[in-house]
Amino acid sequence: MTTKLDIVQIRQDFPILSQTVHGKPLVYFDNAATSQKPLQVINALTDYYTGYNSNVHRGVHFLADKATTAFEESREAARRFINAASLEEVVITKGTTEGINLVASSYGRKFIKEGDEIIISTLEHHANIVPWQMLCEQTGAKLRIIPINEQGELLMDEYEKMLNPRTKFVSVVYVSNALGTINPVKEMIKMARKVGALVLIDGAQAVSHLDTDVQDLDCDFFVFSAHKVYGTTGIGILYGKKEILESMPPFLGGGEMIKEVSFEKTTYNSLPYKFEAGTPNIADVVALKYAIGYVEKLGKANIAQHEHELLTYATEKMQEIPKLTIIGTAKEKVGVISFVAEGVHHFDLGMMLDANGIAVRTGTHCTMPLMSRFGISGTARASFAVYNTKEEVDIFVRELAKAIQMMS
Ligand code: C6P
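Residues numbered from 1 in each chain as written. Predicted model: local features only at pLDDT ≥ 70, side-chain atom pairs only at ≥ 80, totals over all residues. Heavy atoms only, no water.

K.L.:
Honestly, the site of the ligand in this entry has me stumped. Any pointers?
P.N.:
Near the ligand there are 17 residues, and of these Thr97, Asp202, Gln205, Ser225 and Arg361 occur at the shortest range. Threonine 97 is positioned such that a nitrogen or oxygen atom in its side chain is 2.6 Å from an oxygen atom of the ligand. Arginine 381 is positioned such that a nitrogen or oxygen atom in its side chain is 2.8 Å from an oxygen atom of the ligand. Coverage of the ligand by the protein amounts to 86% of the 510 Å² it exposes when considered alone. The class makeup of the residues in the shell around the ligand is six nonpolar, seven polar and four charged. Per-domain counts for the shell around the ligand show at least three residues from each of domain 1 (7-30 + 299-407) and domain 2 (43-296). (Near = heavy atom within 4 Å. Polar contact = N/O pair within 3.5 Å; in protein donor to acceptor, adjacent residues only side chain to side chain. Areas by Shrake-Rupley, 256 points an atom, 1.4 Å probe, with all protein chains shown as cover. Nonpolar A, V, L, I, M, F, W, Y, C, P; charged D, E, K, R; others polar. Domains from an automatic or database assignment.)

So this is what it looks like as structure tokens:
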């Protein structure tokens, strides 16, 4: 089955893609780090700054009203995008990292105690490891890690064995940024419920590829960053179930998050504003509506199908390259391929590809414990987005094979 999308037309929306790098047409395969932005998103930023730049939720004048309306329209777009039940459950953050820190700090400080257990997995990004380690240091809680198999899939039997009445929190990644593995998070949430644990899903790499319905998943928290879903950097969304968010203390103190302040006592604003202290990144929030609209217009299922075709095509071709090993061969994967080559450092591979206009990421991908699990110092990683093509995969595979042959 071939894609229903007109990729040539889609590429017109992304002006950055038509440039040459080192004299070669750019092949951008670093989409898991950040996706490129369509004109619809770029224009939204310009329109905001040229037309209605103003602070939100504060002024009564025309521009303030227009900015506030646009800001809140993005919240509604995000609510619809993940199917949250209400706008009160959609908190605007700086990104996935801040979302997880907010929960670990606010929920964690109030509800996690010495002897409690928090479960994460070997696949986690540092953003879903370090905040929990910090909480464990502060509270005396214990961090437990779900192991994986050689393919990069979670060992669900081990997870089941880990769950016990001391398990208070499970925080897992939906899609691994380093390997592309899609975790069975719905099943994991159901299992956590049996022991009464809360669950946070790190959706950073999931939202651009998979349909996300937080009510269907029944997660307690869900976090993602706009910049990985054709939006801009510096903003993200934290979804939390209303009654849980209500039970949590504020994360940051300041303007906007308060109802009344006196030197004797401060009362806090209602949800979601209780968690939104200070002037937010308004322009980028406004642009989020356009990024979500772009994905909705193309259709997640169509995007997923196209990326899956690229994944299958590239995987087959790469398997033919001598001395190359793909790290992460889970049955359920998105368009992310991590690889190493015998006798060649991943950094050198990245440099050789770059010399040919091909952008991949190299290193640990902020998943050092995962790299240690495979006994490697890092990988090179190609990751696909809707605008990538099989022709680009052909160029990539050709240059990769040449580079490995030359350097090994
Ligand atoms: N991964 C990558 O190249 P921020 O930086 O807050 O937008 O996202 C952090 C983060 C959290 N979880 C997962 C699964 C992620 O993939 C990321 C970001 C990028 O893989 C940059 S390290």
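K.L.:
What exactly am I supposed to notice about the packing of helix H12 (residues 346-355) against helix H14 (residues 390-407) here?
P.N.:
A packed helix pair is summarised by two numbers, namely the angle formed by the two axes and the spacing between the axes. It is the contact of H12 with H14, at a shortest axis distance of 10 Å, that shows an interaxial angle of 130°. One element, H12, and the other, H14, form an angle in the oblique class. Two packed elements cross with a definite hand, and for H12 against H14 that hand is right-handed. Contacts between H12 and H14 involve Asp348, Leu349, Met352 and Leu353 on the former and, on the latter, Phe396, Glu399, Leu400, Ala403, Ile404, Met406 and Met407. Of the residues that constitute the contact of H12 with H14, the class distribution is nine nonpolar, no polar and two charged. (Axes fitted to C-alpha atoms, helices over the stretch in contact; angles between N-to-C directions. Helix = DSSP H or I, 4+ residues; strand = E, 2+ residues; numbered from the N terminus. Parallel < 35°, antiparallel > 145°, perpendicular 65-115°, else oblique. Left-handed = near helix turned anticlockwise from the far one by under 90°. Contact = heavy atoms within 4.5 Å.)

K.L.:
What should I look at first to understand helix H7 (residues 185-194) in this one?
P.N.:
Turn by turn, an α-helix covers 3.6 residues, leaving residues three or four places apart pointing in a common direction. When we look at burial in H7, the residues that qualify are Val185, Met188, Ile189, Met191 and Ala192. The buried residues of H7 occupy an angular sector of 165° when projected down its axis, which confines them to one face. Residues of H7 that are exposed and angled more than 90 degrees away from the buried face: Lys190 and Lys194. Its buried side turned inward, H7 meets strand E6 (142-146), helix H6 (156-162), strand E7 (167-173), strand E8 (198-202) and helix H8 (214-217). Taken from the residues just after H7, glycine 196 is the one with a positive phi, measuring 75°. (Buried < 20%, exposed > 50% of the residue type's maximum accessible area, 1.4 Å probe, protein only. Arc of directions from axis to C-beta.)

K.L.:
Can you walk me through the pairing of strand E10 (residues 236-240) in this structure?
P.N.:
Each regular strand displays side chains that alternate between the two surfaces of the sheet. Along E10, five of the five residues are buried, which leaves the element largely enclosed by surrounding structure. Here E10 shows a buried face lined by Gly236, Leu238 and Gly240 and a second buried face lined by Ile237 and Tyr239. Of the strand pairs in this sheet, strand E4 (residues 90-93) and E10 are connected by four bridges, and their pairing is antiparallel. Paired with isoleucine 92 across the two strands is isoleucine 237, which belongs to E10. One ladder, built from five bridges, connects strand E9 (residues 221-225) with E10; its direction is antiparallel. By the bridge assignment for E10, serine 225 is matched with glycine 236. (Pairing = 2+ DSSP bridges.)

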